[in-house]
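Residues per chain, in single letters:
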Amino acid sequence: MAHSGINILFAGQNFTRLLGGLWVSAKISIVSLVIGILLGLLLGALRTLKNPVLRTILRLYLEFFRIVPTVVLLFLFYYILPKNFNVNLSAQIVAMLVFALWVAAEMSDIVRGALISVPRHQKEAGMAIGLNGPQLYRYVLLPQAVGLMIPATINLMTRVIKTTSLLLLISVMDVVNIGQQIIEANRQVYPNGAFWVYGLIFILYFLLCYPLSAWARHLERRQNNNA
Amino acid sequence: MATPLLQVEHLEKSYGDVHILHDINLTIATGSVTVLLGPSGSGKSTLIRCLNGLEDFQSGQLTFSGQPVTPNAKTWQQLRQKIGMVFQSYDLFPNLTVLDNILLGPLKVQHRSKAEAQEQAVKLLKEVGLADYQDAYPRQLSGGQKQRIAIVRALALNPEFMLFDEVTASLDPEMVRGVLEVLRNLAQQKMTMLVVTHEMNFAREIADQVVFLEEGHILEQTPGQQFFANPQTERAQIFLNSMDF
Ligand SMILES: Nc1ncnc2c1ncn2[C@@H]1O[C@H](COP(=O)(O)OP(=O)(O)OP(=O)(O)O)[C@@H](O)[C@H]1O
Ligand SMILES: [Mg+2]
């Protein structure tokens, strides 16, 4: 009997397992984005201060996370740190940690760029009514910068979601990892299983990322029209 | 003589190697209107910005209400509640409504009660003829309206001294009158003010004293009537002749 390959997706628990893997990826993305964005707001604001030491340190932090490939960061935190520092973190926690630090680094650049493009007059108008430094950021600069940050932030979100596909390398049970297991386990029955499984994974990632990137493009276009 | 509200002694200001203000000495009496005149680039904005700490200066002594000013961030932040400033560009906060623009200082800086601050804000808005615009956003207002709101925003802190740097310079001619009217009313209420303006008729009408600045030097500090009728220096004479009245 000729098997229709698509059935591999529905045999046994396969479909729910794949969705479960997707949920792991989504969870890691959400947690690291929330933490990373909040941390990035703080770091981005700090990077607009005049203190040269602080600026250099934060600049190095950004460059480190930008230059070192994400895979290497994951290996570094998963295999190397535990050995040398005797900390044992689960793969998912390591993933969240690495992604959050990475998001914070990228976010700090987005935030800084947006903050310094708020007109200087706005800062002076805030100072002239007696606002102190933190108040200036809280009530004047950040609210005006947020609009400028949103498209780049959404693009960062899609990058984070896409990059979760690397997590199988530190044995996180994400959707790609589970997909591979299913393909392996069904090699006899469904020789073409890979096509269907990866096809589904493609569609799932597309459904997660496309709306985000379309939204970012829409906002960017609107900003360019307003500018 | 009563203590002046503000006394400036031997103020020197440079940007890097460029010396902008030279030995500025200036006395501003409580309840008086001082008009600061001078050609473009003479240092008027720089001087006025030194007086509320938006620019730092290399040396010199400021005395406000008889208290010597120690120029550091903390002092300036305190003093700016007493020294209001309005700029040429009407820079309201675009993300806040008119009312929230006005209330930001009273609520967040002075920690006053919302009810009391709002009552005052509404009263001030009425005085400048904009009572109906509380909930508008700045982008919905004309330049003249924005500038009057910016003045109200500064006044809402109950300042003792107001700095105005060419507040009508970027307005359409038909908007200028309304803003000058607000300044005139303030002068009548005996607000102490330092005004930079190119509206010479208005300057002549409102000035108790005129300070004439050229290339960072104060060339004259004379009573208003005397300055316009009979300036002491040739430079001031030339400046007056160059202006349209
Ligand atoms: N941030 C700055 N850095 C260097 N030089 C500056 C700076 N700001 C102003 N200057 C210089 O200081 C001098 C005085 O400028 P200022 O703006 O105080 O003049 P102004 O009298 O207000 O002129 P205007 O009537 O055109 O407004 C000018 O020569 C100007 O080029
Ligand atoms: Mg100027």
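Predicted model, so just to flag it, every value in this text is computed and none were measured.

Remarks on the overall build of chain B
Moving on, step 1. What chain B contains, in helices and strands, is 9 helices and 10 strands.
Moving on, step 2. Taken across its 245 residues, chain B has 55% of its residues classed as buried.
Moving on, step 3. Across chain B, contacts joining residues at least 24 apart in sequence account for 67% of those joining residues at least 6 apart.
Moving on, step 4. In the structure as shown, chain B presents an accessible area of about 10,900 Å², 47% of it carried by carbon and sulfur atoms.
Moving on, step 5. Side chains of chain B give 20 positive and 27 negative charges; the mean places of these two sets differ by 8 Å.

Let's talk about the site of ligand 1
Residues and elements named next belong to chain B.
Moving on, step 1. Around ligand 1 lies a shell formed by Y15, I20, P39, S40, G41, S42, G43, K44, S45, T46 and E166.
Moving on, step 2. Within the contact set of ligand 1, a nitrogen atom lies 3.4 Å away from a side-chain nitrogen or oxygen of Y15.
Moving on, step 3. The side chain of E166 places a nitrogen or oxygen atom 3.2 Å from an oxygen atom of ligand 1.
Moving on, step 4. For the shell around ligand 1, the residue count by class is 3 nonpolar, 6 polar and 2 charged.

So, the environment of I48 of chain B
Residues and elements named next belong to chain B.
Moving on, step 1. Relative to the elements of secondary structure, I48 occurs in helix α1 (residues 44–50).
Moving on, step 2. On the accessibility criterion, I48 (0% relative accessible area) is buried.
Moving on, step 3. Measuring from C-alpha to C-alpha, the distance between I48 and V182 comes to 20 Å, with 134 residues separating the pair along the chain.

Looking at helix α3 (residues 70–85) of chain A
Residue and element names in this part refer to chain A.
Moving on, step 1. The end-to-end C-alpha distance of α3 is 21 Å, a good match for the 22 Å that 16 residues give at a rise of 1.5 Å each.
Moving on, step 2. Taking the largest bend as the criterion, α3 deviates by roughly 35°, centred on L76.
Moving on, step 3. Inspection of α3 places T70, L73, L74, F77 and P82 among the buried residues, and these make up the whole buried set.
Moving on, step 4. Where α3 is buried, its residues touch α2 (52–67), α4 (91–116) and α6 (133–163).
Moving on, step 5. Phi turns positive one or two residues past the end of α3, at N86, with a value near 60°.

Some remarks on the sheet that holds strand β9 (residues 209–214) of chain B
All names here are of chain B.
Moving on, step 1. Sheet architecture is open: 6 strands sit in the order β6-β7-β8-β3-β9-β10, paired in mixed fashion. Both outer strands of the open sheet, β6 (83–86) and β10 (217–223), are each paired with one neighbouring strand and no more. The mean angle between the axes of side-by-side strands here comes to 15°, regardless of whether they run parallel or antiparallel.
Moving on, step 2. The sheet contact formed by strand β3 (residues 33–37) and strand β8 (residues 192–196) spans 4 bridges and is parallel. The partner of L36 across the bridge, within β8, is V196.
Moving on, step 3. Contacts from helix α6 (residues 173–188) reach β3, β7 (161–165) and β8 within the one sheet, and its direction differs from that of β8 by about 150°.
Moving on, step 4. Of the strands in this sheet, β3, β9 and β10 touch helix α9 (residues 234–242), which is tilted by about 100° from β9.

Thoughts on the interface of chain B and chain A
Size of an interface, as often reported, equals the accessible area lost when the parts are brought together.
Moving on, step 1. Taken together, the contacts link 20 residues of chain B with 17 residues of chain A.
Moving on, step 2. For the pair chain B and chain A, the number of links is 1 salt bridge.
Moving on, step 3. Notably, a salt bridge pairs R49 of chain B with E124 of chain A, separated by 2.8 Å at the nearest N-O pair.
Moving on, step 4. On inspection of chain B and its partner chain A, the count reaches 5 residue pairs in polar contact (both at pLDDT 80 or more).
Moving on, step 5. Looking at the side of chain B that touches chain A, the elements with two or more residues in it are β6 and α3 (98–109) of chain B.

What about the UniProt feature "transmembrane region" (unreviewed entry) in chain A?
Moving on, step 1. Under the local residue numbering, the UniProt record ascribes the feature "transmembrane region" (unreviewed entry) to residues 20–46, 58–81, 87–105, 166–183 and 195–216 of chain A.
Moving on, step 2. In this annotation, residues 195–216 of chain A is assigned 100% helix and 0% strand; the end-to-end C-alpha distance for the span is 31 Å.

Focus on the UniProt feature "domain: ABC transmembrane type-1" (unreviewed entry) in chain A
Moving on, step 1. Within this numbering scheme, the UniProt entry marks residues 22–213 of chain A as carrying the feature "domain: ABC transmembrane type-1" (unreviewed entry).
Moving on, step 2. Between the end C-alpha atoms of residues 22–213 of chain A the distance is 19 Å, and the span holds 81% helix and 0% strand.

Cut-off values and rules
- Residues numbered from 1 in each chain as written.
- Chains lettered and ligands numbered in written order.
- Predicted model: local features only at pLDDT ≥ 70, side-chain atom pairs only at ≥ 80, totals over all residues.
- Heavy atoms only, no water.
- Helix = DSSP H or I, 4+ residues; strand = E, 2+ residues; numbered from the N terminus.
- Buried < 20%, exposed > 50% of the residue type's maximum accessible area, 1.4 Å probe, protein only.
- Contact = heavy atoms within 4.5 Å.
- Areas by Shrake-Rupley, 256 points an atom, 1.4 Å probe, with all protein chains shown as cover.
- Lys, Arg positive; Asp, Glu negative; His and termini not counted.
- Charge placed at Lys NZ, Arg CZ, Asp CG, Glu CD.
- Near = heavy atom within 4 Å.
- Polar contact = N/O pair within 3.5 Å; in protein donor to acceptor, adjacent residues only side chain to side chain.
- Nonpolar A, V, L, I, M, F, W, Y, C, P; charged D, E, K, R; others polar.
- Expected span 1.5 Å × (residues − 1).
- Bend = angle between axes of the 7 residues up to and from the residue.
- Pairing = 2+ DSSP bridges.
- Axes fitted to C-alpha atoms, helices over the stretch in contact; angles between N-to-C directions.
- Salt bridge = Lys/Arg side-chain N within 4 Å of Asp/Glu carboxyl O.
- UniProt positions renumbered as here; feature names shortened; annotations may be inferred.

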